[in-house]
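What the coordinates show
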Amino acid sequence: MEWSFLSAEALTAALRAGEVTSVELTDEAIVRIERDDKAINAICVSDFDRARAAARWADEARASGEERPLLGIPVTVKESYNVAGLPTTWGMPQYASYLPAEDAVAVSRLKASGAVILGKTNVPFMLQDWQSFNEIYGTTNNPWDHGRTAGGSSGGSAAALASGFGALSIGSDIAGSLRNPAHFCGVYAHKPTFGLVASRGMVPPPAPALPVEGDLGVCGPMARTARDLALLLDVMAGPDALTLGVGYDLALPPARHQRLCDFRVLVLDEHPLIATGSAVRAGVNRVADALVDGGASVERQSPLLPDMTEAATLYMQLMGSSQGARIPAEKYEQLRSLAAEPNADDQDLSAARLRGMVFSHREWIEADIRRELHRRSWRQLFADFDAVVCPITSVPAFAHDHTPDLAERRIDIDGVEYPYIDQAAWAGLATMPGLPATAIPAGRSPDGLPVGVQLIGPMYEDYTPLRLAELLESAIGGFQAPA
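Residues numbered from 1 in each chain as written. Predicted model: local features only at pLDDT ≥ 70, side-chain atom pairs only at ≥ 80, totals over all residues. Heavy atoms only, no water.

Each α-helix winds once per 3.6 residues, and so residues spaced three or four apart point in a common direction. Looking only at helix α1 (residues 8-16), the buried set comprises Ala8, Leu11, Thr12, Ala14 and Leu15. Taken down its axis, α1 places every buried residue within 160 degrees of arc, on the same side. (Buried < 20%, exposed > 50% of the residue type's maximum accessible area, 1.4 Å probe, protein only. Helix = DSSP H or I, 4+ residues; strand = E, 2+ residues; numbered from the N terminus. Arc of directions from axis to C-beta.)

Below is the structure:
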């Protein structure tokens, strides 16, 4: 039997029943990677010797009666996470030989759960693209069409899952970096509530792994089923033991509902700042139809929805501010001069990001207060709705485009070109206020590419969109392996 495309849940059941061993699962995954990854280039750093050793230990532990959530399950890890003994580069050539001394918190939790880490997955330079390529490891191709991107910045992880290279992976997300690759590759991902998963050790080299949560960004799970997402989130979630974990335990509320007919859902397919491509709109409508057929309450508009233009602008300002803090002084002064130039279009997302990069502390505080007002609006909306269904980005996977300056790139949406950076608008809807969002497969485009949507839920109610994802998986189908 071939095990590579089964869920972690199914593999755990097989391991418990004695139908397979972790060594066998690991060897099969390694053979598949060595055979197929030459064309995909998802696994940029392999760790096969230690994986086989971890698999042998897992089999011995299970034989002695031990149970752990992911005991013996082969997984991969995004390159940006520190794994002791493996390079962490974030795609930066000057750090090609950088070896961290200790594991990231999420990685240590994976190991404690009994998972077998096969290796690390490819990323873009500094994680700053919706494509995964860099000078060290090259380009990751989409398993559905090698001429197209697998997404970014967790593109290697999504491509690995779609190719059967391990049952689970972990990634990160600030501009859709979990959700975008899931959408492009036809897999599942979950952007947790901000701060739910400790990010210590998911840090660019050579920075120390400090217990500090950077603004907007999160660490999260990727999988081939919705239930596996929840399983992996349970392993990853919880406060850092060096900070909030000293005084707090994690206690998330259960999903609001267990049946599709009990959900109240707001469906969106229009954004004021960027068009929605026909293939993506069809995916949103397919999910909406399944909700209606399942008896859910579905609305297409609500006066409670926060202003989407203001939300996108504020999101880009806050993201720019987060990125601007790491810019060298000389470059920073150049950006200050550029940001001071008049710009008549207040809705230009690139201009908003530039202004955010040179925010004063006072300006950032003002922006943060505006964010809190948006969070209040979302709380009011989620008193009437349980989830929001909307696009992750406007198009399926696009052709590789390695134009160095992102400002010069364009994205084609049904024959009309838009600034490349504007793709962030839909992702930012959940990211700016820190809401959980689950990416699910929602069908195929006319040319056979995967299309996904995101299910946005109330803050700290991550199990609500995850449960809805599970119900929709039963209703419309889920992951399918590339032909």
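This next bit is on the packing of helix α4 (residues 105-112) against helix α7 (residues 226-236). When two helices pack together, their arrangement is given by the angle between their axes and by how far apart the axes lie. Between α4 and α7, the least distance of the axes is 8 Å, while the angle of their chain directions is 110 degrees. Taken together, the axes of α4 and α7 are roughly perpendicular relative to one another. Side by side, α4 and α7 meet where Ala106, Arg109 and Leu110 of the first sit next to Leu232, Val235 and Met236 of the second. When grouped by side-chain class, the residues that make up the contact of α4 with α7 number 5 nonpolar, no polar and 1 charged. (Axes fitted to C-alpha atoms, helices over the stretch in contact; angles between N-to-C directions. Parallel < 35°, antiparallel > 145°, perpendicular 65-115°, else oblique. Contact = heavy atoms within 4.5 Å. Nonpolar A, V, L, I, M, F, W, Y, C, P; charged D, E, K, R; others polar.)

Before going further, it helps to examine the pattern of salt bridges. All told, the structure shown has 29 salt bridges when counted by the stated rule. Between Arg32 and Glu2 there is a salt bridge, with its nearest N and O atoms 2.5 Å apart. Of this pair, Arg32 sits in helix α2 (residues 22-40) while Glu2 sits in the segment before α1, and the two are 30 residues apart along the sequence. When the shortest N-O distance is used, the salt bridge between Asp368 and Arg371 registers 2.9 Å. In this pair, Asp368 and Arg371 are both assigned in helix α12 (residues 361-384), 3 residues apart and thus about one turn of the helix distant. (Salt bridge = Lys/Arg side-chain N within 4 Å of Asp/Glu carboxyl O.)

Where helix α9 (residues 308-324) meets helix α13 (residues 424-431), the closest approach of the two axes is 9 Å, and the angle between their N-to-C directions is 85 degrees. Here α9 is positioned roughly perpendicular relative to α13, judged by the angle of their axes. For the pair α9 and α13, contact is made by Met308, Tyr315 and Met316 and by Ala424, Trp426, Gly428, Leu429 and Thr431, respectively.

Turning to the side chain of Arg409, a few remarks are in order. Along the chain, the position of Arg409 falls in the loop between β13 (387-391) and β14 (410-413). Other than its neighbours up to four places away in sequence, Arg409 contacts Asp129, Gln131, Phe133, Asp401, His402, Thr403, Tyr418, Pro419 and Tyr420.

Now for the nonpolar core. If you look at the biggest cluster of nonpolar residues, it comprises 68 residues, and the most contacted ones within it are Tyr81 and Leu291. For this core, the leading source of residues is α7, giving 7 residues. Among residues more than four places away in sequence, those in contact with Tyr81 are Thr88, Ala104, Ala106, Val107, Lys120, Ile170, Gly171, Gly201, Met202, Cys219, Gly220 and Met236. Trp130, Ile421, Ala425 and Ile456 belong to the second-largest nonpolar core, a separate cluster that totals 43 residues. (Core = buried A, V, L, I, M, F, W, Y, C linked by side-chain atoms within 4.5 Å.)

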